[in-house]
Amino acid sequence: PKPNGYQSLHTTILVSGQPLEIQIRSTAMHRLAEFGSAAHFIYKGAKASLPWLESIRTTNAQAESAEAFMDIVRTNLLGTRVFVFDHYGRVLNLAKGATLKDALLLLMN
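Structure report, in brief. Everything numeric here is computed off the predicted structure, so don't read it as measured data.

Details of the overall build of the protein
So, step 1. The helix and strand inventory of the protein stands at five helices and four strands.
So, step 2. N-terminal to C-terminal, the α/β element order of the protein is β-β-α-α-α-α-β-β-α.
So, step 3. Sequence-distant contacts in the protein: of pairs separated by 6 or more residues, those separated by 24 or more amount to 17%.
So, step 4. Carbon and sulfur atoms form 60% of the exposed surface of the protein, whose accessible area is close to 8,000 Å².

A short note on the pairing of strand E3 (residues 81-85)
So, step 1. Sheet topology note: the E3/strand E4 (residues 91-95) ladder contains five bridges and is antiparallel. Bridge assignment links Phe 83 to a residue of E4, and that residue is Asn 93.

Observations concerning the environment of Leu 106
So, step 1. Position of Leu 106 relative to the elements: it lies in helix H5 (residues 100-108).
So, step 2. On a C-alpha basis, the gap between Leu 106 and Leu 94 in space is 8.5 Å, while along the polypeptide they are 12 residues apart.
So, step 3. If we ignore the near neighbours within four places in the chain, the residues touching Leu 106 are Leu 92, Asn 93 and Leu 94.

Things to note about the pairing of strand E2 (residues 18-24)
So, step 1. With seven bridges joining them, strand E1 (residues 9-15) and E2 adopt antiparallel strand pairing. Following the sheet pairing, Thr 11 is matched in E2 by Ile 22.
So, step 2. The antiparallel pairing of E1 with E2 creates a hairpin that spans two residues between the two strands, and Ser 16 there sits at a positive phi of about 50 degrees.

Analysis parameters
Residues numbered from 1 in each chain as written. Predicted model: local features only at pLDDT ≥ 70, side-chain atom pairs only at ≥ 80, totals over all residues. Heavy atoms only, no water. Helix = DSSP H or I, 4+ residues; strand = E, 2+ residues; numbered from the N terminus. Contact = heavy atoms within 4.5 Å. Areas by Shrake-Rupley, 256 points an atom, 1.4 Å probe, with all protein chains shown as cover. Pairing = 2+ DSSP bridges.

Right, dumping it as structure tokens:
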């Protein structure tokens, strides 16, 4: 998987001399690719449905360089949060030091 959780087997075949790209993925992989942290709309300018991801996008737009962006993400964003994927591919945004009970409470809401 990529760092954003995206998973898919990509291959290209020729049909009548024209390339045709095929993506093979499970239902859970498809859900994550279409609606989760790996969703295409997130990278194409639409408002993200995940507030933490929108925060990262805003920070990226305001950073003076890639190095500055990474420093900000490491210290300000990721330093206090832990991101966990559940077995359905959903991202759980938990506070650093969160317990299993915290994750369960988040899943139940």
